[in-house]
Amino acid sequence: MTDSEADVVEQDWVSRLADEVVAESQRRAPGRPVVCASGLSPSGPIHLGNLREIMVPHLVADEIRRRGIECRHLLSWDDYDRFRKVPAGVDPSWAEHIGKPLTSVPAPPGSQYASWAEHFKAPMLDALTELGIEVDGISQTERYTSGAYREQILFAMRERAHIDAVLARYRTLEAVPDDDGPAGGGPASDGPASVDTASVDTASADTASADTANPDYFPYRPYCSVCERDLTTVTSYDDDTTELTYTCACGHQASVLLSEHSHGKLVWKVDWPMRWAYEGVIFEPSGVDHQSPGSSFVVGGQLVQEVFGCTQPIGPMYAFVGISGMAKMSSSRGGVPTPADALAIIEAPLLRWLYARRKPAQSFNIAFDQEIHRLYDEWDALSRKVADSTALPGDLAAYGRATGTAAGELPSTPRPLPYRTLASVADITMGHDEQTLRILSDLDPDHPLGSLDEARPRLTCADTWVRTQLSPDQRTVVRDEPDTELLSSLTDDQRAALRLLVAGLDEHWSLAGLTSWVYAVPKIRAGLPPAAKARTPELKAAQREFFVLLYRLLIGTDTGPRLPTLLLAVGLERARALLD
Ligand SMILES: [Zn+2]
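Computed from a prediction, not measured in an experiment: that's the story for all the values here.

> I'd like to hear about helix 16 (residues 433-443), residue by residue, with values.
Along helix 16, the positions that sit buried rather than exposed are Thr436, Ile439, Leu440, Ser441, Asp442 and Leu443. Along its buried surface, helix 16 packs onto helix 15 (419-429), helix 17 (458-469), helix 20 (511-525) and helix 22 (563-570).

> Can you tell me about the side chain of arginine 143, naming the residues and giving the values?
Looking at the element boundaries, arginine 143 is found in helix 5 (residues 140-145). Once residues lying within four places of it in the same chain are set aside, the contact partners of arginine 143 are Ile138, Ala148, Tyr149, Tyr278 and Glu279.

> Which residues make up the coordination of the zinc ion, and what are the values?
Those donors, Cys224 (SG), Cys227 (SG), Cys248 (SG) and Cys250 (SG), are the protein atoms that reach the zinc ion, and they lie 2.3 Å from it. One can describe the site at the zinc ion as tetrahedral: its four donor atoms subtend angles covering 102 to 117 degrees at the metal. Counting gaps between the donor residues of the zinc ion yields the pattern C-x2-C-x20-C-x1-C. Residue cysteine 224 is found in the loop between strand 4 (220-222) and strand 5 (232-237), and its partner cysteine 248 is found in strand 6 (residues 243-248); the two are separated by 24 residues along the sequence.

> Can you lay out the sheet that holds strand 1 (residues 34-40) for me, pointing to particular residues and giving the numbers?
Across the sheet, which stays open at both edges, the three strands sit in the order 1-2-3 with parallel pairing between neighbours. Among the strands making up the open sheet, the edge pair consists of strand 1 and strand 3 (136-139). Neighbour to neighbour, the strand axes of the sheet diverge by 25 degrees on average, direction disregarded.

> Mind laying out the packing of aromatic side chains, listing which residues take part and the relevant values?
Taken as a whole, this structure holds 18 aromatic pairs when the rule is applied. Summarising the aromatic geometry, the rings of tyrosine 149 and tyrosine 278 are spaced 5.0 Å apart at their centres and angled 85 degrees between planes, so their arrangement reads as edge-to-face. Of this pair, tyrosine 149 sits in the loop between helix 5 and helix 6 (150-158) while tyrosine 278 sits in helix 9 (residues 268-279), and the two are 129 residues apart along the sequence. Look at tyrosine 149 and you get buried, because its relative accessible area is 0%. Given the relative accessible area of 33%, tyrosine 278 is considered partly exposed.

> So what about the sheet that holds strand 7 (residues 253-257)? Which residues, and what values?
An order of 5-6-7 is seen for the three strands of this open sheet, with the pairing classed as antiparallel. Unpaired on one side and paired on the other, strand 5 and strand 7 mark the two borders of the sheet. If you compare each strand with its neighbour and ignore which way they point, the axes differ by 25 degrees on average. The pairing of strand 5 with strand 6 spans five bridges and is classified as antiparallel. When the bridges of strand 6 are listed, valine 234 appears paired with tyrosine 246.

> With reference to specific residues and values, describe unusual backbone geometry.
Residues arginine 456 and proline 457 are joined by a peptide bond in cis, for which omega reads 5 degrees. Its identity as a non-glycine residue notwithstanding, threonine 242 has a phi of 65 degrees, on the positive side. Take threonine 242: it is sitting in the loop between strand 5 and strand 6.

> How would you summarise the packing of helix 21 (residues 537-555) against helix 22 if you had to cite specific residues and measurements?
The N-to-C vectors of helix 21 and helix 22 enclose an angle of 25 degrees; their axes lie 11 Å apart at closest approach. Comparing the axis directions of helix 21 and helix 22 gives the class roughly parallel. In this structure, helix 21 crosses over helix 22, and the sense of that crossing is left-handed. Taking contact as the criterion, the partners of Phe547, Leu550, Tyr551, Leu554 and Ile555 in helix 21 are, on helix 22, Leu563, Leu566, Leu567 and Val570. Here the residues of the contact of helix 21 with helix 22 sort into nine nonpolar, no polar and no charged.

> Outline the pattern of salt bridges, listing residues and values.
Close approach of charged atoms allows side chains of opposite charge to pair. Using the criterion set out here, one finds 36 salt bridges in the structure. Glutamate 63 is paired through a salt bridge with arginine 67; the nearest N and O atoms lie 2.8 Å apart. When the shortest N-O distance is used, the salt bridge between aspartate 239 and arginine 160 registers 3.2 Å. With aspartate 239 in the loop between strand 5 and strand 6 and arginine 160 in helix 7 (residues 160-174), this residue pair connects regions lying 79 residues apart in the sequence. A relative accessible area of 35% places aspartate 239 in the partly exposed class. Through salt bridges with shared partners, a single network forms among Asp12, Asp19, Glu63, Arg67 and Arg401.

> A description of the nonpolar core should follow, citing residues and the corresponding values.
Ranked by internal contacts, the top residues of the largest apolar core, which has 108 residues, are Leu51, Leu351, Tyr355, Ile366 and Leu440. Formed by 43 residues, the second largest nonpolar core is a distinct cluster that contains Tyr80, Ile138, Met157 and Leu167.

> Outline the pairing of strand 2 (residues 71-77), supporting the account with residue identities and numerical values.
Looking along a regular strand, one sees side chains alternate from face to face of the sheet. With six of seven residues buried, strand 2 is to be regarded as a mostly interior element. Pairing geometry for strand 1 and strand 2, over seven bridges, is parallel. The partner of cysteine 36 across the bridge, within strand 2, is histidine 73. In this fold, the crossover linking strand 1 to strand 2 by way of helix 3 (residues 51-66) has right-handed handedness.

> Report on the packing of helix 13 (residues 371-387) against helix 14 (residues 393-403), specifying residues and quantitative values.
Where helix 13 meets helix 14, the closest approach of the two axes is 11 Å, and the angle between their N-to-C directions is 105 degrees. One element, helix 13, and the other, helix 14, form an angle in the roughly perpendicular class. For the pair helix 13 and helix 14, the contacting residues are Trp379, Leu382, Ser383 and Val386 in the first and Asp395, Leu396, Tyr399, Ala402 and Thr403 in the second. Counted by class, the contact of helix 13 with helix 14 contains six nonpolar, two polar and one charged residues.

So, how was this worked out
Residues numbered from 1 in each chain as written. Predicted model: local features only at pLDDT ≥ 70, side-chain atom pairs only at ≥ 80, totals over all residues. Heavy atoms only, no water. Buried < 20%, exposed > 50% of the residue type's maximum accessible area, 1.4 Å probe, protein only. Helix = DSSP H or I, 4+ residues; strand = E, 2+ residues; numbered from the N terminus. Contact = heavy atoms within 4.5 Å. Donors = N, O, S within 2.8 Å, 3.2 Å for Na, K, Ca; no water. Tetrahedral: all angles 85-135°; square planar, octahedral: opposite > 155°, others 65-115°. Pairing = 2+ DSSP bridges. Axes fitted to C-alpha atoms, helices over the stretch in contact; angles between N-to-C directions. Phe/Tyr/Trp six-rings, centres within 6.5 Å; stacked < 30°, edge-to-face > 60°. Parallel < 35°, antiparallel > 145°, perpendicular 65-115°, else oblique. Left-handed = near helix turned anticlockwise from the far one by under 90°. Nonpolar A, V, L, I, M, F, W, Y, C, P; charged D, E, K, R; others polar. Salt bridge = Lys/Arg side-chain N within 4 Å of Asp/Glu carboxyl O. Core = buried A, V, L, I, M, F, W, Y, C linked by side-chain atoms within 4.5 Å. Right-handed = clockwise from strand over helix to strand, strands pointing away.

These results come straight from atomic positions and should not be treated as a statement about function.
Here it is in structure tokens:
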């Protein structure tokens, strides 16, 4: 690569943001590691749409590490947030826990984990590991209950009139509640674009829609020491003694010293900027729902500057990531597509590529339907260009970010056979290993597979895709017996074409060989040379008609997997039996 090419590579969005973040970090905190941050709420299964909250900072942090600069990627788990609602599929008796911190709610029935929060964190952490994403996980429960934020909480309480005045500007503007949901951005973890019931849930103190500062405004809410819920109202606070008195909807009333009390938290709109200041966050993007006027990112920017005396992180908005064509999921699994579901059908480098190749402000869909074949075709085409050094610089950069990190290359499939072929083979063999190995070796007889492991993990993904995303009417079922009725109704011309095809199967028994042979038979029947390039409309029609006949005889439908793959999967003997 020449210097000028290297310059162009630097221009991808990840590099540009990394330049900005590194420069800003050197200005704000010279000599300290760069801090990038993400936030997620383990309030339920973590929606695949929320992966962008992690991927954008990850790609930037990874670019910074590739430059040899120390960089932390914090993943703040908002596990000290209240349990808001019982998701579908969970015992309705869990409603008694609404209002408790997520770490104090028992895990769903049958879980091996100690709490609701741990249960939903675990699969996400596994997915991040598989994606090659290294984060510093921070439990907000651990932070708050250990007293780590003691000084920040006392400070926020002293500054409550100031905080309230800042919040009041936005309340009069938009009447947005101060607790519009946990960090994490993008779609909330319990469904796309749901900031849902936050305004209802957060009750009293911090939702007072005041035109003027409210003397009863307190940015801190204790969890009740009796019922553990946050249905509390602070009734008084003494700055000198730090004595705080609260009442709870359960009837409990208590006075605690905030200088010692560790069972409560700052309201979200104050919590987020406090943490920016506490951690020295330089880069934290957020979803479109956090960036409107009066939203937590905008208000947080005011608070962190005016009250906490720090600067807001660089925080570009990232657009929505949709999911298309996913088969309906059982509600016992939360009815929500998760990163683990995507990784079951798409290899980690491809999933990374979807994020790396698009700027954060561009939205896109992750395909669970037939589009997945096109995605894989595009990826394989790019891989070939990278291999023969013809990839464009931007594409090459995205490919590099997809296939590895500063820590090294991600695992890949040694023999990356076309996904659509693997899916067809898995479909027809129903995952039968011996049959699959035979068919995959027949694809290119000069380079047979030593074992199925050479085709994995891509083969496993394609097999899972067939089993989980294809409906029964989309599955291919090879006929057990010849369709004698159809065979006896054939014209002489059709019969002759079939005989010609069958006679040449053995000689052309490979993916490439059968591909040319199935097209050649109608050419020969039309009196053309088998290698003739020009396709007249008449020839196209004849080929189409011939292929439909083959599909009907082999699988009883008009269409199906590509014919060469289908023939290889059916096998030579059975193909002869069904076609002759
Ligand atoms: Zn209570």
